[in-house]
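Listed here are the chains, written in short residue letters.
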Amino acid sequence: MTLVAGVDIGSTTAKCVLLEGDRIVGKSLAPVGVELVKDAERALAQALAEAGRERHEVAVVTGTGYGRFKVAFGRFTVTEIGCHAKGAHFLFPGTRVVLDIGGQDTKAIKVDPRGEVVDFAMNDKCAAGTGRFLDVCAGALGFDVSEIGALAEGARHPVKVTNTCTVFAESEVASYVARGKEPPDILAGLYGGIVGRSLSLLQRVGVEPEVTFTGGVSRNGGMVRTLERRLALPVNVSPLSQYVGAIGAALHGRERTEGISA
Amino acid sequence: MGASTEEPSFLVSARDRQREMIEAYYADLATAGGAKRPVAYMLVGGNLTEIVRSFGYEVVFPEIVALNCAIKHVSLPNILQAEAQGYGLDVCGYVKNDLGLQQLGGQTPFGRIPPPDLLVCSFSGCYVYVKWWEALAEKFGCPLFLLDVPYLRDERPPTEDLGYIVAQLNEFIAFLEKASDRRFDPASLRRTLAHSRAAEEGWVRYLASGARRPSPIEAYFEAVFHMFPINVLRGTEEAARFYATLNAEVDERVRSGAYPVPEEKVRLVVEGVPPYPNYRTFWDFFRKWGAVSVAATYPKVGGLFDRGFLHDPARPLESIAEYALGAYVNQSWPLRRKLIEEYVREFAADAVLIHGIKSCRSFTAGQGDLRDRLIHDLGIPTLYIESDHEDPRYFAPAQIKNRMDAFFESLDRRRGGAAEPLRGAP
Ligand code: SF4
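Sequence order as written defines residue numbering, which begins from 1 separately in each chain. Lettering for chains starts from A, numbering for ligands starts from 1, and both go in the order in which the items are written. Confidence filtering applies because this is a predicted model: local features only for residues at pLDDT of at least 70, side-chain atom pairs given and counted only at 80 or more, and all residues used for totals across whole chains, interfaces and linings. Think of the side-chain values as coming from all heavy atoms in the structure, minus any hydrogens and water.

> Teacher, can you tell me more about the site of the ligand here?
Residue and element names in this part refer to chain B. Taken together, Cys 92, Tyr 94, Cys 126, Tyr 129, Cys 360, Arg 361, Ser 362, Phe 363 and His 389 are the residues near the ligand. Under the scheme applied, nonpolar residues are Ala, Val, Leu, Ile, Met, Phe, Trp, Tyr, Cys and Pro; charged residues are Asp, Glu, Lys and Arg; polar residues are all the others, including Gly. Here the residues of the shell around the ligand are counted per class, giving 6 nonpolar, 2 polar and 1 charged. Domains are outlined according to an automatic or database domain assignment. Both domains that furnish three or more residues to the shell around the ligand are identified here as domain 1 (9–183) and domain 2 (189–414). A single heavy atom is enough: if one lies within 4 Å of a molecule or strand, its residue is considered near that molecule or strand.

Take a look at the structure:
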């Protein structure tokens with residue numbers, strides 16, 4: 001069976017997935033620095049080490065993400081939109097809509113039954129409602145972003161976070177803290193604000209089940225539950241949600257090599 | 001990619017000819033004031049060039065000056081100057097370029113733009129125009145004529161609207177007689193309109209060639225460039241001759257198989273004003289994917305000649321009224337949408353690309369709904385991209401390219417196309 005690799009160079013992290021047949025045999029995730037070419041190489045090397053495989057065994061490497069052109073050793077590049085569609089369909093074949101909230105952007109993607117992109121909408125030049133936004137706001141509350149997932153569940157009187165700008169929202173959060181509001185109430189307000197922004201993107205492409213939530217922010221349980229409540233739909237989330245782009249890239253690479261060699 | 005860096009050899013001689021015409025026009029303008037030739041400022045949409053020229057005026061189109069500034073990368077200082085005067089971030093870039101430029105003395109890399117002796121607000125569909133012309137009238141203290149053109153709501157212009165415009169044109173002629181101290185010469189207007197008609201027919205023929213497969217023309221980027229004679233020099237013999245040259249060249253291209261892209265893969269209908277400060281970069285994003293515009297709405301903002309709104313020397317004022325009503329910029333949204341749907345069918349297009357303008361609250365408003373209707377109701381793949389027609393600060397190349405790549409990639413895959421040689425793209 002052919003071994004293929006997908007490397008996703010995002011704005012905050014580099015991810016790599018090694019796929020053999022439909023099995024993920026290796027993966028890696030690390031923050032990106034300034035030298036994206038090296039980050040990409042490292043991502044592949046780490047995934048190979050985890051899988052106990054050698055570089056020469058990999059038939060094709062495909063790059064995706066904003067830094068996809070830095071995957072210098074790759075054979076193809078595919079946009080992260082195409083890769084998230086493919087990857088989400090691989091993990092949840094009933095997916096019709098993908099919501100991806102990454103480090104610095106949010107996108108809603110409508111896919112067909114084969115996992116091909118039908119339409120997409122993205123936020124514009126702004127980190128509001130993204131992973132970066134949550135990091136900043138968690139920091140303003142004195143938490144690390146990894147700790148805030150379940151916290152909002154205890155909310156009794158959620159506040160309203162009206163600012164959609166990361167910078168202003170941070171001071172809005174600080175002012176709620178100063179006014180003695182409880183962190184769960186503030187977090188519930190934040191999740192409500194982010195989900196509200198995501199909903200407008202989702203509505204642009206049209207919401208229909210199944211909805212699959214991907215990207216780093218989907219690991220936050222509070223966000224997932226808020227999204228489900230607002231959509232009145234269950235939402236698919238995979239433990240591999242941060243790797244969806246890389247999985248999609250690996251799949252695209254495999255299809256293309258198979259197409260080329262056929 | 002090769003195609004993205006090549007200088008297109010396509011339509012080179014017509015392009016050179018046009019460049020000469022543009023240079024001559026601006027050189028002429030620069031001397032107009034000194035030679036005591038009066039200067040009228042006018043708007044492109046449904047303009048009254050023929051009437052104004054028949055009274056001996058030189059015509060300046062500040063929108064065209066603004067887009068030329070943007071293409072030459074000199075719009076930002078003008079915009080900043082206007083902002084320093086208090087015009088906000090969300091004021092139309094055309095307006096800020098013009099008012100900033102006037103404040104800075106009117107000097108551009110293509111010549112000095114003389115101040116107006118007369119202001120003709122020939123189109124009223126965008127409230128900005130009226131305010132803009134009022135600001136100019138206040139600054140230069142010159143007479144202002146406002147033509148009120150109702151939006152076109154039905155495909156056939158209503159008789160009462162036509163009558164309303166013709167009555168205003170008669171007032172305009174009386175106004176010009178007074179302002180210029182010259183008598184109106186109907187015979188001269190008819191001659192001018194005959195030249196206009198010849199140019200319009202040539203332009204229509206050029207645009208129609210986009211229906212061929214592959215298309216021998218780039219109906220957005222190149223057509224936008226070739227709008228200059230039809231909008232600015234209409235009514236001159238020179239403009240009519242230019243389109244004859246252009247069409248001869250298109251015929252030659254068809255014979256020799258020289259097309260805008262080496263291999264036509266995607267046929268597009270394009271809507272919206274271009275990002276002039278990044279014209280070439282934006283065009284490259286298309287060419288890389290073998291995408292060609294086969295029809296576009298923006299080259300018709302001045303006049304929708306391809307739908308029969310042509311000048312007619314036998315019915316001078318009536319045909320001018322019809323033309324002004326029918327200009328694309330003056331069409332209501334249902335008509336604009338219908339035209340785009342027709343273009344998709346008639347030109348066998350695969351998709352629609354919309355470029356929206358951040359600082360435009362008029363012509364751009366409604367394009368989001370257009371996108372939704374094309375995708376959700378008609379199943380036409382459509383991409384909406386936003387930047388600005390004047391302000392380079394709004395153009396985010398990486399993000400725009402990413403969206404365009406994703407769009408063309410998905411089109412390619414849905415059609416089961418061969419893998420794009422993606423590696424190494426810039
Ligand atoms: S229609 Fe838009 S671009 Fe034209 S003047 Fe009005 S605001 Fe500016």
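There's plenty left to go through after this.
> Which parts of the structure should I look at to understand the interface of chain A and chain B?
Here a residue-residue contact requires only that any non-hydrogen atoms of the pair lie within 4.5 Å. Listed as interface residues are 29 residues of chain A and, on the opposing side, 28 residues of chain B. Summing the contributions of chain A and of chain B, the shared interface buries around 2400 Å²; its carbon and sulfur component is 45%. The salt bridge definition used is simple: a Lys or Arg side-chain nitrogen within 4 Å of an Asp or Glu carboxyl oxygen. If you look at where chain A meets chain B, you find 4 salt bridges. Here Asp 405 of chain B makes a salt bridge to Arg 68 of chain A, at a shortest N to O gap of 3.4 Å. Breaking the side of chain A that touches chain B down by element, the ones donating at least two residues are β5 (76–77), α2 (80–91), β8 (117–122), α5 (183–205) and α7 (244–261) of chain A. Buried area is calculated as the accessible area (1.4 Å probe) missing from two parts once they are joined, with the contributions of both summed. Put simply, DSSP H or I for four residues or longer makes a helix, DSSP E for two residues or longer makes a strand, and each gets a number counted from the N terminus.

> Would you explain the side chain of Ser 332 of chain B in this entry?
Relative to the helices and strands, Ser 332 of chain B resides in the loop between α14 (316–326) and α15 (333–346). Here Ser 332 of chain B is in contact with Tyr 151, Leu 152 and Arg 153 of chain B, once residues within four sequence places are set aside.

> Looking at this structure, I do not really get helix α9 (residues 186–208) of chain B. What am I missing?
All names here are of chain B. For α9, with 23 residues, the first-to-last C-alpha span of 32 Å sits near the 33 Å given by 1.5 Å per residue. Burial status follows relative accessibility: with a 1.4 Å probe on protein chains alone, a residue under 20% of its type maximum counts as buried, one over 50% as exposed, and anything between as partly exposed. The complete set of buried residues in α9 reads Ser 188, Leu 189, Thr 192, Leu 193, Ser 196, Ala 199, Glu 200, Gly 202, Trp 203, Tyr 206 and Leu 207. Taken together, the buried residues of α9 touch α3 (49–54), α10 (221–225), α11 (227–232), α12 (237–256) and α14. Identification of polar contacts relies on pairs of N or O atoms within 3.5 Å, with a donor-acceptor requirement for protein atoms, meaning one able to donate a hydrogen and the other able to accept it, and with residues adjacent in sequence counted only if both atoms are side-chain atoms. The N-cap residue of α9 is Asp 185: its side-chain oxygen and the backbone nitrogen of Ala 187 are 3.1 Å apart. To estimate the expected span of a helix, subtract one from its residue number and multiply by 1.5 Å.

> I tried to follow the domain arrangement of chain A on my own but got confused; where do I start?
In many analyses, interface size is given as the accessible surface area lost on bringing the parts together. Residues and elements named next belong to chain A. By domain assignment, chain A separates into domain 1 (1–92 + 241–262) and domain 2 (93–237). For domain 1 and domain 2, the distance between their C-alpha centres works out to 26 Å. Between domain 1 and domain 2, the contact holds 17 residues from the first and 28 residues from the second. The contact between domain 1 and domain 2 buries some 1700 Å² in all, and 64% of this surface belongs to carbon and sulfur atoms. For domain 1, the biggest contributors to the area lost against domain 2 are Ile 81, His 89 and Phe 92; these three give 38% of the whole.

> I would appreciate a short explanation of the sheet that holds β8 of chain A in the present structure.
Strand-to-strand pairing in sheets goes through backbone hydrogen bonds, with the strands running parallel or antiparallel. Residues and elements named next belong to chain A. Pairs of strands are assigned from DSSP output, requiring at least two bridges between the strands. Across the sheet, which stays open at both edges, the 5 strands sit in the order β8-β7-β6-β9-β10 with mixed pairing between neighbours. The sheet terminates laterally at β8 and β10 (235–236), the two strands that pair on one side only. The pairing of strand β6 (residues 97–101) with strand β7 (residues 106–111) spans 5 bridges and is classified as antiparallel. When the sheet's bridge partners are listed, Leu 99 is paired in β7 with Ala 108. Contacts between helix α6 (residues 221–231) and the sheet are confined to β6, β9 (211–214) and β10, with β9 contributing the most and set at about 155 degrees to the helix. Each axis is a line fitted through C-alpha atoms, and for a helix only the stretch in contact is used; angles between axes span 0 to 180 degrees, taken between their N-to-C directions.

> So what exactly am I meant to see when it comes to the pattern of salt bridges here?
Should the charged atoms of two oppositely charged side chains come close, the side chains can pair. Residues and elements named next belong to chain B. Scanning the model with the defined rule gives 50 salt bridges over all chains in all. Glu 238 is paired through a salt bridge with Arg 17; the nearest N and O atoms lie 3.6 Å apart. Here Glu 238, found in helix α12, pairs with Arg 17, found in helix α2 (residues 12–32); they are 221 residues apart in sequence, far enough to count as distant. Between Glu 341 and Arg 373 there is a salt bridge, with the nearest N and O atoms lying 3.3 Å from each other. Here Glu 341, found in helix α15, pairs with Arg 373, found in helix α16 (residues 367–377); they are 32 residues apart in sequence, far enough to count as distant. Classification of Glu 341 as buried rests on a relative accessible area of 17%.

> How should the environment of Gly 326 of chain B be read in this particular structure?
The topology assignment puts Gly 326 of chain B in helix α14. Each residue touching Gly 326 of chain B, except ones within four places of it in the same chain, is listed here: Leu 152, Leu 304, Phe 309 and Gln 331 of chain B.

> Help me understand the state of the cysteines, please; the structure alone is not making it clear to me.
Put plainly, a disulfide is one covalent bond tying together the sulfur atoms of two cysteines. All names here are of chain A. Cysteine sulfur atoms that come within 2.5 Å of each other are treated as a disulfide pair. Following the criterion strictly, the structure yields 0 disulfides over all chains and no others. As a non-bridged cysteine, Cys 83 has Cys 16 as the owner of its nearest cysteine sulfur, 12 Å distant. Cys 83 gets classed as buried once you look at its relative accessible area, which sits at 0%.

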